[in-house]
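Remarks on the overall topology
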Amino acid sequence: MKKLLLVAITVLGFTYLSQAQEVRFGATAGYLNARGSVKAGDISISASESGFYLGAVADFNVSENFNVQPELLYANVDGSSGLMLPILGKFAISEKFNLQAGPQLVFSLEDSIENYSSVEFDIAGGLGYDITDDFFVEARYTFQINNSYTGSEDVKVRGNYLTVGLGYKFL
């Protein structure tokens, strides 16, 4: 039910954004570093693994210096996969550079584990550079804000992501 509501909100958001002056669509792919941490009482453990992401991007021009960029990304790290849905505001700081910030949802494509959520709510921030009108590079860091552990113990499980990639807008 939660996923259906989320999909409905996303579709409505895209419909609203389609009223923007200009919309460009494209593809993006790159390096992904996932860092997971577990904290239980005074004990904290973290580890990171590298992988890749690839997917589709839309770029909605809202005003001269502001765009909204939703993406649907397939991510794979050490054999585990998920879908990432960032919806970023892009603020132009020069003709070629932009700052990015916004929410991101991550849906695990792995089997659900008892007492663990398969959905993450993240906050993303990063930088983008437009090489040409069609090619761009981006780097972002994402912080998970919800606790993946849903059990009754005092345990916090969170993930953070670093992505660096290249994209191409073809429409």
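In what follows, the structure referred to is the one given above.
Below you will find a few notes about this structure. (Residues numbered from 1 in each chain as written. Predicted model: local features only at pLDDT ≥ 70, side-chain atom pairs only at ≥ 80, totals over all residues. Heavy atoms only, no water.)

**Side note on the environment of Phe-121**
Rules: Secondary structure elements are taken from DSSP: a helix is a run of H or I of four residues or more, a strand is a run of E of two residues or more, and numbering for both begins at the N terminus. Relative accessibility decides the category of a residue: with a 1.4 Å probe and only protein chains considered, values under 20% of the type maximum give buried, values over 50% give exposed, and everything between is partly exposed. By the convention used here, residues are in contact when the closest approach between their heavy atoms is within 4.5 Å.
You can see Phe-121 is positioned in strand 6 (residues 119-130). Owing to a relative accessible area of 40%, Phe-121 belongs among the partly exposed residues under this scheme. Here the alpha-carbon distance between Phe-121 and Thr-142, two residues 21 residues apart in the chain, equals 9.8 Å. Once you skip the residues sitting within four places of it in the chain, Phe-121 turns out to touch Gln-104, Leu-105, Phe-143, Gln-144, Ile-145 and Asn-146.

**Topic: the packing of aromatic side chains**
Condition: Stacked, tilted and edge-to-face pairs are distinguished by plane angle, under 30 degrees for stacked and over 60 for edge-to-face with tilted covering the rest, among Phe, Tyr and Trp rings (Trp via its six-membered ring) whose centres lie within 6.5 Å.
Tallying each qualifying case throughout the model produces 7 aromatic pairs. Both rings, one in Phe-135 and one in Tyr-168, keep their centres 4.7 Å apart while their planes meet at 45 degrees; by these two values the pair is tilted. Here Phe-135, found in strand 7 (residues 135-144), pairs with Tyr-168, found in strand 8 (residues 155-169); they are 33 residues apart in sequence, far enough to count as distant. You can call Phe-135 partly exposed: its relative accessible area is 37%. Look at Tyr-168 and you get partly exposed, because its relative accessible area is 34%. Arranged with centres 4.9 Å apart and planes meeting at 70 degrees, the rings of Tyr-141 and Phe-143 form a pair that is edge-to-face. By the ring-pair criterion, three or more aromatic residues cluster together here, those being Phe-135, Tyr-168 and Phe-170.

**Considerations on the sheet that holds strand 6**
Threshold: A pair of strands is labelled paired if DSSP reports no fewer than 2 bridges between them. Lines fitted to the C-alpha atoms define the axes, with helices restricted to the stretch that makes contact. Angles between their N-to-C directions range from 0 to 180 degrees.
The strand order around the closed barrel formed by 8 strands is 1-2-3-4-5-6-7-8, and the pairing between neighbours is antiparallel. Within this sheet the neighbouring strands show an average axis-to-axis angle of 25 degrees, counted without direction. In this sheet, strand 6 lies alongside strand 5 (residues 97-108) in antiparallel orientation, the contact comprising 11 bridges. Directly across from Pro-103, in strand 6, lies its bridge partner Ile-123.

**Remarks on the side chain of Glu-120**
Formally: Two N or O atoms form a polar contact when they lie within 3.5 Å of each other; inside protein one atom must be a possible hydrogen donor and the other a possible acceptor, and for residues adjacent in sequence the pair counts only when both atoms belong to side chains.
Along the chain, Glu-120 turns up in strand 6. A distance of 2.9 Å separates a polar atom in the side chain of Glu-120 from a polar atom in the side chain of Tyr-161.

**Observations concerning the side chain of Ser-148**
Relative to the elements of secondary structure, Ser-148 occurs in the loop between strand 7 and strand 8. A distance of 2.8 Å separates the side chain of Ser-148 from the side chain of Gln-144, its partner in a polar contact. Setting aside residues up to four positions removed in sequence, Ser-148 forms contacts with Asn-115, Tyr-116, Ser-117, Glu-120 and Val-157.

**As for the pattern of salt bridges**
Inclusion rule: When a carboxyl oxygen of Asp or Glu is within 4 Å of a side-chain nitrogen of Lys or Arg, the pair counts as a salt bridge.
Tallied over the entire structure, the rule returns 5 salt bridges. Here Asp-59 and Lys-90 are joined by a salt bridge, their closest N and O atoms 3.1 Å apart. Here Asp-59, found in strand 2 (residues 43-63), pairs with Lys-90, found in strand 4 (residues 80-92); they are 31 residues apart in sequence, far enough to count as distant. An identical accessibility class is assigned to Asp-59 and Lys-90; each is buried. The partner of Arg-140 in a salt bridge is Glu-138, and the shortest N-O contact between them spans 2.9 Å. Accessibility expressed as a relative area gives 7% for Glu-138, which makes it buried. Among the charged side chains, a network of salt bridges with common partners joins Asp-59, Lys-90 and Lys-169.

**Observations concerning the environment of Leu-109**
Inspection of the secondary structure assignment puts Leu-109 in the loop between strand 5 and strand 6. Taking C-alpha positions, Leu-109 is 9.8 Å from Asn-76, a pair spaced 33 residues apart along the chain. Setting aside anything within four residues of it in sequence, one finds Leu-109 in contact with Tyr-74, Ser-81, Gly-82 and Leu-83.

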